[in-house]
Every structure is written in C-alpha cells, then in structure tokens.
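Results of the structural survey
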Amino acid sequence: PSPAACRECRAGQAAAGRSGAGRVGLARDEALGFVRVAAEPSPDKTVLMAKRLIKDVFALANSTAVRLDEAKLTPDSFRGAVALQDAGKINAEGFRKVLEHLYKDGGSAEAIAKAEDLLLEQDDGAVQAAIAKVLSECASMVDEYKGGKVAVKNALFGRVMKELKKKGDPKAVGAMLDEALNK
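Residues numbered from 1 in each chain as written. Predicted model: local features only at pLDDT ≥ 70, side-chain atom pairs only at ≥ 80, totals over all residues. Heavy atoms only, no water.

**Topic: the nonpolar core**
As a reminder of what qualifies: Take the buried Ala, Val, Leu, Ile, Met, Phe, Trp, Tyr and Cys residues and link them wherever side-chain atoms come within 4.5 Å; each set so joined is a nonpolar core. Each residue's exposure class comes from its accessible area (1.4 Å probe, protein chains only) as a fraction of the maximum for that residue type: buried when under 20%, exposed when over 50%, partly exposed otherwise. Secondary structure elements are defined from DSSP: runs of H or I of at least 4 residues count as helices, runs of E of at least 2 residues count as strands, and each element is numbered from the N terminus. Every residue pair with non-hydrogen atoms within 4.5 Å of one another is taken to be in contact.
Residues Val-57, Phe-78, Val-98 and Tyr-103 are the most contacted members of the largest nonpolar core, which totals 23 residues. Mapped by element, the contributors of at least two residues to this core are helix 3 (46-64), helix 4 (75-86), helix 5 (92-105) and helix 6 (109-115). Contacts of Val-98, omitting those with residues within four sequence positions, involve Ala-81, Ile-90, Ala-109, Ile-112, Ala-113 and Leu-118. By size, the runner-up hydrophobic cluster in this structure holds 19 residues, among which are Val-134, Cys-138, Val-142 and Met-161.

**Quick word on the packing of helix 7 (residues 124-137) against helix 9 (residues 152-163)**
To keep it simple, the criterion reads: Axis definition: a line fit to C-alpha positions, over the contact stretch in the case of helices; interaxial angles, taken between N-to-C directions, run 0 to 180 degrees. Roughly parallel means an angle under 35 degrees; roughly antiparallel means over 145; roughly perpendicular covers 65 to 115; every other angle is labelled oblique. Two helices crossing with the near one rotated counterclockwise from the far one by less than a right angle form a left-handed crossing, whereas a clockwise rotation gives a right-handed crossing. All amino acids are sorted into three groups, where Ala, Val, Leu, Ile, Met, Phe, Trp, Tyr, Cys and Pro are nonpolar, Asp, Glu, Lys and Arg are charged, and the leftover types, Gly among them, are polar.
As a packed pair, helix 7 and helix 9 sit with axes 9 Å apart at the nearest point and diverge in direction by 125 degrees. Considered as vectors, helix 7 and helix 9 are oriented oblique to each other. The chirality of how helix 7 crosses helix 9 is right-handed. Facing helix 7, whose interface residues are Ala-130, Ile-131, Lys-133, Val-134 and Leu-135, helix 9 presents Leu-156, Arg-159, Val-160 and Glu-163. Taken together, the residues that form the contact of helix 7 with helix 9 break down as 6 nonpolar, no polar and 3 charged.

**Examining the confidence of the model for the chain**
Rules: Scored between 0 and 100, pLDDT is the confidence that the predictor attaches to each residue.
Taken residue by residue, the chain gives an average pLDDT of 80. The fraction at 70 or more is 77%. Mean pLDDT across the secondary structure elements of the chain bottoms out at helix 1 (residues 3-15), with 44, and peaks at helix 6, with 95. Throughout residues 1-26 the model reports pLDDT below 50, and contacts reaching past four residues in sequence, or to other chains, amount to 11 contacts.

**Describing helix 5**
In plain terms, the rule: Here the expected length of a helix is defined as 1.5 Å per residue gap, with one fewer gap than residues. This arc describes the spread of directions from the helix axis toward the C-beta atoms. In the analysis that follows, any N or O atom pair within 3.5 Å is treated as a polar contact, provided that within protein one partner can donate a hydrogen and the other can accept it, and provided that, for residues neighboring in sequence, both atoms belong to side chains.
Over its 14 residues, helix 5 runs 20 Å from end to end, which matches the ideal 20 Å to within 8%, given 1.5 Å per residue. Listed in full, the buried residues belonging to helix 5 are Gly-94, Phe-95, Val-98, Leu-99, Leu-102 and Tyr-103. Here the buried residues of helix 5 occupy an arc of 165 degrees about the axis, which is enough to place them on one side. Measuring from the backbone nitrogen of Glu-93 back to the side-chain oxygen at the start of helix 5 gives 3.2 Å, which picks out Asn-91 as the cap. Of the residues trailing helix 5, Gly-106 is marked for its positive phi of about 75 degrees.

**A look at helix 10 (residues 170-181)**
Its 12 residues place the ends of helix 10 16 Å apart at the C-alpha level, agreeing with the 16 Å of an ideal helix rising 1.5 Å per residue. Those residues of helix 10 that sit buried are Val-173, Gly-174, Met-176, Leu-177, Ala-180 and Leu-181. Where the residues of helix 10 are buried, they touch helix 7, helix 8 (139-146) and helix 9.

**A short note on the side chain of Asp-56**
Heads up, the condition is: In this charge count, Lys and Arg are treated as positive and Asp and Glu as negative; neither His nor the chain ends contribute. For salt bridges, the criterion is a side-chain nitrogen of Lys or Arg within 4 Å of an Asp or Glu carboxyl oxygen.
With respect to the helices, strands and loops of the structure, Asp-56 is situated in helix 3. One buried charged residue, Asp-56, forms no salt bridge at all, with the nearest opposite charge on Arg-96 at 4.5 Å. Apart from the residues within four sequence positions on either side, Asp-56 is in contact with Phe-95, Arg-96 and Leu-99.

Structure, rendered in structure tokens:
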C-alpha cells in the first residue's frame, strides 16, 4: 500500500476507536525524524544510523518500556556513540552500554565511555606486549599454526583479547597478530 493509503487506514482505525491504532505510524515518524537529525551532518550514513536505531535503540525502548520520545537519548548523543564506535574507540558491546546510559540518563557518549572504562586500548605497545605474552605462553599453538592449522589463530586471538580484558580494537589486534605469526 502507498503511504497515503496507510495514513488513511490508520486514521480510519483511530476514528473507529481502536486505541493505539495511530501509534505505530507516529512511532515510525518519530524514529525517522530522529534518524534524519542524527544523520544530518553526514547524510551518507543515514542507512547505517537507521539500522543502528532499529537494532539497538528500539531494543532499549522495548526492554525498558520507555518510549523513544520519553528517553534522554538525543540525536547528538546517539551520533556521538556511533562516532565512537566508527572511530574504533569502543566495540559493539561498549556501544550498547553507552547507548543504554544515554537512553536512560542522557549525557555525553565519550564521557560515559570514559567513566565506564569502555574505551578500547589504542596503545600499540600494550597490544604488542599482550601478543608477545600469549605467543610465548602458547608456543605449541604457534607451532600448530605454522604447521598449517590456521584455525588455531582464532584461539590465539581470543587469548590476546582476554589478556587485554576485551579492550583491544579487534581489527588492530587481528592485524598485529597476523604480523607476529607470519614473521
């Protein structure tokens, strides 16, 4: 059906006294407005913002029983959380935690990430040290990897991330681990 037909249908349902019949369209319109404002500085990210909104923000709205228009989350704070993840400063788990705080309490995404100790390890030296420690402790696994058992790399990656207390940027850790294994 066309958008006009949907509006007419919702209007007819509302006029017939069906409570909440127009709420679906209103929630959709609120969400679209939120995404438009959040993506305003970079319109090329509108689809990505919409996906994150649907996946993460709507999940919060459903789990907390707080409607989007009642939440403390603003388009600016949502954009800040997205920017932190896009820059590799927080991982997906950190993004969800920051978003939950923003949704309930508002504030700055970066301030929340710092206060909750969610920022990823950006120090290459710390990552290299963790890799060196894991590779020395797991010499037999390194030998298996060099012998052709490439699946062992995933186990080594997991141990490095554990050593970094899940604070390593997965892309950077993976690249550094590849480099160390292929020396």
